[in-house]
Structures are given as C-alpha cells and as structure tokens.
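A closer look at the structure
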Amino acid sequence: MNEQKPNVNQINWFPGHMARTRRQIGENLKNVDFVIELLDARIPRSSQNPEISRICADKPRLTLCSRSSLADPKATKLWKEYFAAEGRKCIFYDCMTGEGMNEITPAARELLAEKIERYREKGMAGRKLRAMIVGIPNVGKSSIINKLSGTKSAKVENRPGVTRKNQWIPTSAGFDLLDTPGVLWPKFEDAKIGENLAVTGAIKDDILDIETLASVLVNRLRKLYPEKLIARYKLSTEALDESLSDFDVLERIGKARGFLVSGGEIDSERTAKMLLDEFRNGKIGRITLDMPEAENA
C-alpha cells in the first residue's frame, strides 16, 4: 500500500526557508531600479505570490507571463485586457517560440522612462539599469535569464527549487538582472490556488499523492476543456458523465491508453504521471486554468 501523502493545502511550506527568501528580496530592493515579476500564463492568478506584491509594492514592476504557447489564446486575451485595466504592464512570452521576447526591453524602458531621463540630465545617459526577477518555483526564471543574457548563466530544469542563491547577470537588454530563488507563500487562502500550482509543477510531485493530483487536473479539464480531454484520450462523451468521479475518469483514461497491470487492473499511478506530464508539455492542448473573472472557474 502506498504511503498516504498530504493534500496540497495541508503542507507546511518550510516557513523558515521562505521567510529567509522574502527577507533577501526585501533587502535587495534598494539595489534595483525595478522588479520583473514572473507569472505562469496558464495560471496568472494562482502564480501571483501576494507576498511579492506586498514586499515590492514601492518599486516599478514589469509583469511577464511565461509559457504563453501552452496557454489558451482566448484566455490570454482576457488576461491582457484585465492587466491593462489595472494599469499594469504585462507581457505574455515564450522562450521556446520567441513570442513576446522583443517586447520586454521596450516595456522596461517605458516603465523607467522618468528615471532614464533623470540619468540623461545628470550626464549619465546609457547608465545600466538593474532589475530583480522574482516568482514562484519552476515559473521559468532561469530560461528567461538565459534568453536575455544570451548565455547559460542560470541553471534550467523543469522542476521547482533549482535556483539556490542570488546571482547578478548582465543582459543585452540594457539592464542587469538579479536572480532570486522561487518562493511560495505560507498558506493558500483558496484551495484552488494550491492545486493549480501543484498541477502545473510549481510544487514538487514527490511530496504529493500523484493520483489525487491527477484527479484534480481531470476535474479542471472536465469543467473547462472537456472536448480536449475526449480528443486526446479518445474517450466517449459518456466517459465524462457527471455520475462518474474524477478518479473514475482517470481510470478510463488509463484503460484507453492500455495501462494495465496483472489481473487486468488499471495502473492508476502510471496514468496519473502520464496525464500530468502531457498537460505540462502541452500535448492535451493549449489550456488556461485561471480566468480573470472574480469567480475563478
């Protein structure tokens, strides 16, 4: 029998480590001209750490939403309108496709236009600006840093917790970047936020029950993108009947893929890992789990 692992919203997020990272971010603010906040384009609301917003409230902030090629274009359009209505500069970008990358430098210069003009008046035209990049774990900080710097300065892995210490990195975009470790917040007020973070990979899979997590993803897809679920796994519409639990649907996906063990039982753990991997790699389709409406689907 598998050891029972905690629900994502029952986890203690190592408050000592997170508090230390938050303190470091606060201390480094005096050394930067602006903050680049990274969000995940698939979950713009869930990936926005309220602690970061509070700590960095007095600094100009440029919001970048990563992995835009994995997000639903219709939802992305709504999010762009939402951020614009809030008066926030937000760019949806993707390091793999190059989408949005050429918008970052002009947006940074527009954000700091007054400071750049003051430098020019003081005879300091061309002075390099400094930015601190912040965000949750596994949101793509290393990828964007490497893209902007044209080097492999930052280690990139598709798992949370790789960035360990602060590093200054020069870029060709006219500013230097201070990398910081990814940071979560101590408690998720909305259970869906924690679940969305876990489903997209911001939380390490090995501390969670993988089948429960995959069932959460099934629940989201049944509500938001049933047609994509049916098409990818060649399910009948009856397979998503409301009388079936999310785990029942997960097992039907496993059966459709032929993930069987001795005795003809479905290998639900293998199915769960496959489903999460295919979602994270965009194989199910372009999907956004957060919508800008007050009532989050």
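Residues numbered from 1 in each chain as written. Predicted model: local features only at pLDDT ≥ 70, side-chain atom pairs only at ≥ 80, totals over all residues. Heavy atoms only, no water.

1. Details of the pattern of salt bridges
- The tally for this structure, following the rule as stated, stands at 16 salt bridges.
- In this structure, the salt-bridge partner of Arg 54 is Glu 51, at a minimum N-O distance of 3.0 Å. In this pair, Arg 54 and Glu 51 both sit in helix 2 (residues 50-55), 3 residues apart, roughly one turn of the helix.
- Residue classification places Arg 54 among the exposed residues on the basis of a relative accessible area of 54%.
- The salt bridge partner of Glu 278 is Arg 257, with a shortest N-O separation of 3.1 Å. Residue Glu 278 is found in helix 11 (residues 268-280), and its partner Arg 257 is found in helix 10 (residues 246-257); the two are separated by 21 residues along the sequence.
- What makes Arg 257 partly exposed here is its relative accessible area of 30%.
- Linked through salt bridges whose partners overlap, the residues forming this network are Glu 37, Arg 61, Glu 86 and Arg 88. (Salt bridge = Lys/Arg side-chain N within 4 Å of Asp/Glu carboxyl O. Helix = DSSP H or I, 4+ residues; strand = E, 2+ residues; numbered from the N terminus. Buried < 20%, exposed > 50% of the residue type's maximum accessible area, 1.4 Å probe, protein only.)

2. Focus on empty space enclosed by the protein
- Counted under the stated rule, the structure contains 1 cavity of 30 Å³ or more.
- There is about 40 Å³ of room inside the largest cavity.
- Together, Asp 40, Arg 42, Arg 67, Ile 136, Pro 137, Asn 138, Val 139, Thr 200, Gly 201 and Ala 202 line the largest cavity.
- The residue makeup of the lining of the largest cavity, split by class, is 4 nonpolar, 3 polar and 3 charged. (1 Å grid on protein atoms, 1.4 Å probe; cavity = no way out; pocket = protein on both sides within 12 Å on 5 of 7 lines; lining within 4 Å. Points joined across faces, edges and corners; volume = space filled by probe spheres on them. Nonpolar A, V, L, I, M, F, W, Y, C, P; charged D, E, K, R; others polar.)

3. Quick look at unusual backbone geometry
- In this structure, Arg 67 takes a positive phi of about 60° despite not being glycine.
- Mapped onto the elements of the fold, Arg 67 is located in the loop between strand 2 (61-66) and helix 3 (73-85).
- For Arg 67, a relative accessible area of 18% translates into the label buried.
- Unlike most non-glycine residues, Lys 234 shows phi in positive territory, near 50°.
- Tracing the sequence through the fold places Lys 234 in the loop between helix 9 (226-233) and helix 10.
- With a relative accessible area of 73%, Lys 234 lands in the exposed category.

4. Topic: helix 8 (residues 210-224)
- Counted at 1.5 Å a residue, the expected span for helix 8 with its 15 residues is 21 Å, and the 21 Å between its end C-alpha atoms agrees.
- Burial analysis of helix 8 places 11 of its 15 residues in the buried class, which makes it a mostly covered element.
- Considered for burial, the residues of helix 8 that qualify are Ile 210, Glu 211, Leu 213, Ala 214, Ser 215, Val 216, Leu 217, Val 218, Arg 220, Leu 221 and Arg 222.
- Where helix 8 is buried, its residues contact helix 7 (191-200), helix 9, helix 10 and helix 11. (Expected span 1.5 Å × (residues − 1). Contact = heavy atoms within 4.5 Å.)

5. Regarding the environment of Glu 227
- Mapped onto the secondary structure, Glu 227 falls in helix 9.
- Under the relative-accessibility criterion, Glu 227 is labelled partly exposed at 45%.
- Glu 227 sits 10 residues away from Thr 237 along the chain, and the two C-alpha atoms are 8.8 Å apart.

6. Regarding the confidence of the model for the protein chain
- Per-residue confidence for the protein chain gives a mean pLDDT of 86; residues scoring 70 or more make up 87%.
- Within the protein chain, the lowest mean pLDDT, 74, falls on helix 1 (residues 15-28), and the highest, 97, falls on helix 11.
- Here residues 11-16 is a poorly scored stretch, pLDDT under 50, and it has 11 contacts once near neighbours within four places are set aside; other chains count.
- Predicted confidence for residues 156-164 stays below pLDDT 50, and this span has 21 contacts to residues more than four positions away or in other chains. (pLDDT = per-residue confidence, 0-100.)

7. Describing the nonpolar core
- Counting 65 residues, the largest nonpolar core has Ile 36, Ile 144, Phe 175, Leu 197, Ile 253 and Leu 275 as the members making the most contacts within it.
- The element contributing the most residues to this core is helix 8, with 7 residues.
- Residue contacts for Ile 144: discarding those within four places in its chain leaves Leu 38, Tyr 93, Cys 95, Met 101, Ile 104 and Ile 133.
- Leu 29, Val 32, Val 35 and Val 134 belong to the second largest nonpolar core, which has 11 residues in total. (Core = buried A, V, L, I, M, F, W, Y, C linked by side-chain atoms within 4.5 Å.)

8. Comments concerning the pairing of strand 2
- Most of strand 2 sits out of view: 5 of its 6 residues are buried.
- Summarising the sheet, strand 1 (residues 34-40) and strand 2 pair through 6 bridges and their orientation is parallel. Bridge pairing links Val 35 to Arg 61 in strand 2.
- Handedness of the crossover is the feature at issue here: the chain leaves strand 1, passes through helix 2, returns alongside strand 2, and the resulting connection is right-handed. (Pairing = 2+ DSSP bridges. Right-handed = clockwise from strand over helix to strand, strands pointing away.)

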